[in-house]
Amino acid sequence: MKIYDTQRAPNPRRVRLFMIEKGIEDVEIVPVSLLEGAHKQPDYLAKAGLANVPMLEMDDGTCITESLAICRYLES
Ligand SMILES: N[C@@H](CCC(=O)N[C@@H](CS)C(=O)NCC(=O)O)C(=O)O
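Residues numbered from 1 in each chain as written. Predicted model: local features only at pLDDT ≥ 70, side-chain atom pairs only at ≥ 80, totals over all residues. Heavy atoms only, no water.

The immediate surroundings of the ligand are formed by Ala9, Pro10, Asn11, Pro12, His39, Ala51, Asn52, Val53, Pro54, Thr65, Glu66 and Ser67. Between Val53 and the ligand, the recorded distance is 2.8 Å, taken from a backbone N or O atom to a nitrogen atom. Thr65 places a polar main-chain atom, nitrogen or oxygen, 3.5 Å from an oxygen atom of the ligand. Bound to the protein, the ligand loses 70% of the 510 Å² it would expose on its own. At 3 residues, helix 1 (residues 10-22) tops the list of elements feeding residues into the shell around the ligand. (Near = heavy atom within 4 Å. Polar contact = N/O pair within 3.5 Å; in protein donor to acceptor, adjacent residues only side chain to side chain. Areas by Shrake-Rupley, 256 points an atom, 1.4 Å probe, with all protein chains shown as cover. Helix = DSSP H or I, 4+ residues; strand = E, 2+ residues; numbered from the N terminus.)

Below, the structure written as structure tokens:
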């Protein structure tokens, strides 16, 4: 699994803090630069559907872009 993450935004931070609190370390972190518009590139939009971070990409290619849903999935 991968988390598409950016450092200076509240919703990705929520997921990052949740992962720290739960001790979840086996998820690859993929940095996304909002300043450079990486979340608006066609390859990102094709996965996410929305120009938003965070995004969780599962091994089967399924993607989730809601931070609370990502936290609930990781917990389960
Ligand atoms: N409902 C989403 C909202 C995600 C969201 O708004 N992310 C912001 C960063 S906190 C974003 O990606 N903004 C893109 C932009 O400003 O272009 C969630 O809860 O994760």
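Now that the structure has been shown, the text picks up again.
On to the pairing of strand 2 (residues 28-31), then. Here strand 1 (residues 2-5) pairs with strand 2 via 4 bridges, running parallel. Bridge pairing links Asp5 to Pro31 in strand 2. Chirality of the crossover, the property in question, places the unit of strand 1, helix 1 and strand 2 among those that are right-handed. (Pairing = 2+ DSSP bridges. Right-handed = clockwise from strand over helix to strand, strands pointing away.)

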